[in-house]
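One letter stands for each residue in the lines below.
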Amino acid sequence: LAKHPEIKALMKPDYNLIWVVVLMVLAQFTAFYLVKDLDWKWVVFWAYVFGSCISHSMTLAIHEISHNSAFGNSKAMWNRLFGIFANLPLGLPYSISFKRYHMDHHRYLGGDGIDVDIPTNFEGWFFCTRFRKFIWIVLQPFFYAIRPLCINPKPITRLEIINLLAQLTFDVVIYYLWGVKSIFYMLAGSVLGLGLHPISGHFIAEHYMFLKGHETYSYYGPLNLLTFNVGYHNEHHDFPNIPGKSLPLVKKIAAEYYDNLPQYNSWIKVLYDFVMDDTISPYSRMKRQLKGEVKQD
């Protein structure tokens, strides 16, 4: 910032995010209606080909909202409620809890017992062969759901209860209107999109040490168009209060800080390399023993 103070001008809400999220919710709502009378094979097909992409993209919209990118820091509650709305087509309550744990990830990156992005010791010990690592990728959404309860359980908040009740109400309405195929499409899209899917390469690409000494990596490929530029991950951790829309400008302005860092060009290759490289496993993360006072959400 001392060298490039113009970056401060990028620290403002991205109001376009609001309309993009609304359109994504409407797209999935339309899809719930369209799949209700399809054969099961086509429900599964569209859940993976279309629903999974929208669902995974929506989790990254929720990531943006968790940083108050939709309405700004001055309207934090608006962001929380909008996150609950964005959560609806995913089928399972996620938004409020994600925000609480994700802020810890930024404050205490790699913090042992705090950062639940770090795999458990069991994951590192068991998923150590190529086949088991492949299964671990398939099951990623389950580990991301269970891991906080094992590593750093937190008391349930009022907003999390609201998130849960809103989600259950929405799911019941969809089932009542259009039946089990629409519910299956919704839930399957979320599970498939966060598991064995090209976009899921970002889970591993962001912080797994394929090169010793480098714990955060950026990806500058085309899938950033579907993921709110989450691939610009070094830039995001440097400036978490800048919306994803503006992170390419950060890289452009401060190119001397980012251009020479190790980076990825393909999330699919990241998944392949993770499975096939015997030196990489869920253990391949930087873990820190935190000292001093720890403040969590």
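Residues numbered from 1 in each chain as written. Predicted model: local features only at pLDDT ≥ 70, side-chain atom pairs only at ≥ 80, totals over all residues. Heavy atoms only, no water.

A. View of the nonpolar core. Ranked by internal contacts, the top residues of the largest apolar core, which has 35 residues, are Val 21, Met 58, Trp 136, Ile 204 and Phe 274. At the level of secondary structure, the elements contributing two or more residues to this core comprise helix H1 (16-34), helix H2 (40-66), helix H3 (76-87), helix H6 (130-138), helix H10 (201-207) and helix H14 (267-276). Leaving out residues up to four positions away in the same chain, Met 58 has contacts with Val 21, Met 24, Val 25, Ala 86, Pro 89 and Leu 90. Core analysis: the next-biggest nonpolar cluster, separate from the first, contains 13 residues, Val 35, Trp 178, Ile 183 and Met 186 among them. (Core = buried A, V, L, I, M, F, W, Y, C linked by side-chain atoms within 4.5 Å. Buried < 20%, exposed > 50% of the residue type's maximum accessible area, 1.4 Å probe, protein only. Helix = DSSP H or I, 4+ residues; strand = E, 2+ residues; numbered from the N terminus. Contact = heavy atoms within 4.5 Å.)

B. Representation of the environment of Ser 200 within the structure. Structurally, Ser 200 can be placed in the loop between helix H9 (180-193) and H10. Once the C-alpha coordinates of Ser 200 and Cys 53 are considered, the two residues, 147 residues apart in sequence, prove to be 10.0 Å apart.

C. Up close: a nonpolar patch on the surface. Residues Trp 42, Phe 45, Trp 46, Tyr 48, Val 49, Phe 50 and Leu 192 make up a contiguous nonpolar surface patch of about 600 Å² in total accessible area. If you tally residues by element for the nonpolar patch, the top one is H2, at six residues. By the secondary structure assignment, Val 49 is in helix H2. Judged by its relative accessible area of 40%, Val 49 is partly exposed. (Patch = residues over 30% accessible without salt bridge, like charges linked within 9 Å, V, L, I, M, F, W, Y side chains within 5 Å. Areas by Shrake-Rupley, 256 points an atom, 1.4 Å probe, with all protein chains shown as cover. Salt bridge = Lys/Arg side-chain N within 4 Å of Asp/Glu carboxyl O.)

D. Looking closely at the UniProt feature "transmembrane region" (unreviewed entry) in the protein. In the numbering adopted here, UniProt assigns the feature "transmembrane region" (unreviewed entry) to residues 17-35, 42-61, 81-98, 161-178 and 184-205. Taken end to end, residues 42-61 has its terminal C-alpha atoms 27 Å apart, with 100% of it in helix and 0% in strand. As a span, residues 184-205 carries 68% helix and 0% strand, and end to end its C-alpha atoms are 29 Å apart. (UniProt positions renumbered as here; feature names shortened; annotations may be inferred.)

E. Geometry of the packing of H1 against H2. Taken N-terminus to C-terminus, the directions of H1 and H2 make an angle of 150°; their axes are 11 Å apart at the nearest point. What the angle tells us is that H1 and H2 run roughly antiparallel. For the crossing formed where H1 meets H2, the hand is left-handed. Across the interface between the two elements, Leu 17, Val 21, Met 24, Val 25, Gln 28 and Ala 31 from H1 touch Phe 50, Gly 51, Ile 54, Ser 55, Ser 57, Met 58, Ala 61, Glu 64 and Ile 65 from H2. Counted by class, the contact of H1 with H2 contains ten nonpolar, four polar and one charged residues. (Axes fitted to C-alpha atoms, helices over the stretch in contact; angles between N-to-C directions. Parallel < 35°, antiparallel > 145°, perpendicular 65-115°, else oblique. Left-handed = near helix turned anticlockwise from the far one by under 90°. Nonpolar A, V, L, I, M, F, W, Y, C, P; charged D, E, K, R; others polar.)

F. Spotlight on the packing of aromatic side chains. Evaluation of the coordinates by the stated rule reveals 26 aromatic pairs. Ring centres of Tyr 33 and Trp 178 lie 5.6 Å apart, and the angle between their planes is 65°; on these two criteria the pair is classed as edge-to-face. A residue pair is termed long-range when its members are at least 10 positions apart, and Tyr 33 in helix H1 and Trp 178 in helix H8 (residues 158-178) qualify at 145 residues. Given the relative accessible area of 44%, Tyr 33 is considered partly exposed. Classification of Trp 178 as buried rests on a relative accessible area of 19%. (Phe/Tyr/Trp six-rings, centres within 6.5 Å; stacked < 30°, edge-to-face > 60°.)

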